[in-house]
Amino acid sequence: MDVPQGELEQLQAANKSFKKIIDSLENFKGQIKYFCENVEQTSKLLDVWTGIMAQTTLNYNISSTPEWMGGSAVI
């Protein structure tokens, strides 16, 4: 099979371009995975922080009540 030199060079250039695109997509895939892991970790930290803030608010409200007699009176 005799392929003209110009056509062969065009195909080789197209292959190089496709290779660069594939490499870029693989890199992007890794970055998205890393981003998703960070989002998940952030979500877990926010859940912990929300729990801490809720408990702090509860403690504040209990201790701010004039009728509060101390920790032993809380059921």
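In this text the structure is predicted, and so the values were computed from the model without any measurement.

## Here we look at the overall build of the protein chain
(1) Moving on: Helix and strand counts for the protein chain stand at one helix and zero strands.
(2) Moving on: Across the 75 residues that make up the protein chain, the buried fraction comes to 1%.
(3) Moving on: Surface accessibility of the protein chain: about 7,100 Å² in total, with carbon and sulfur atoms responsible for 63%.

## So, the pattern of salt bridges
(1) Moving on: The final tally for this structure, using the stated rule, is two salt bridges.
(2) Moving on: With a closest N to O distance of 3.6 Å, Lys44 and Glu40 form a salt bridge. Here Glu40 and Lys44 lie together in helix H1 (residues 5-64), a separation of four residues that amounts to about one turn.
(3) Moving on: A residue is classified by how much of its surface remains accessible, and Lys44, at 53% relative accessible area, is exposed.
(4) Moving on: Of the residues examined, Glu40 reaches a relative accessible area of 48% and is grouped as partly exposed.

## Points about a nonpolar patch on the surface
(1) Moving on: A grouping of Phe18, Ile21, Ile22 and Leu25 is seen on the molecular surface, where their side chains present a nonpolar patch of about 420 Å² in accessible area.
(2) Moving on: For Leu25, the position within the fold is in helix H1.
(3) Moving on: Overall, Leu25 belongs to the exposed group, its relative accessible area being 53%.

About the criteria used
- Throughout this document, residue positions are counted from 1 along each chain, in the order its sequence is written.
- Reporting in this predicted model follows two pLDDT cut-offs: at least 70 for local features of residues, and 80 or more for side-chain atom pairs to be given and counted; totals over whole chains, interfaces and linings ignore these cut-offs and use all residues.
- Calculation of side-chain values draws on the structure's entire complement of heavy atoms; hydrogens and water are dropped beforehand.
- Strands here mean DSSP runs of E at least two residues long; helices mean DSSP runs of H or I at least four residues long; both are numbered from the N terminus.
- Throughout this description, buried means an accessible area under 20% of the type-specific maximum (1.4 Å probe, protein chains only), exposed means over 50%, and partly exposed covers the range between.
- Here the open area of atoms and residues is found with the Shrake-Rupley method and a 1.4 Å probe, where only the protein chains shown may cover a residue.
- The salt bridge definition used is simple: a Lys or Arg side-chain nitrogen within 4 Å of an Asp or Glu carboxyl oxygen.
- What goes into a patch is any residue over 30% in relative accessible area without a salt bridge, connected to like charges within 9 Å or, for nonpolar side chains (Val, Leu, Ile, Met, Phe, Trp, Tyr), within 5 Å.

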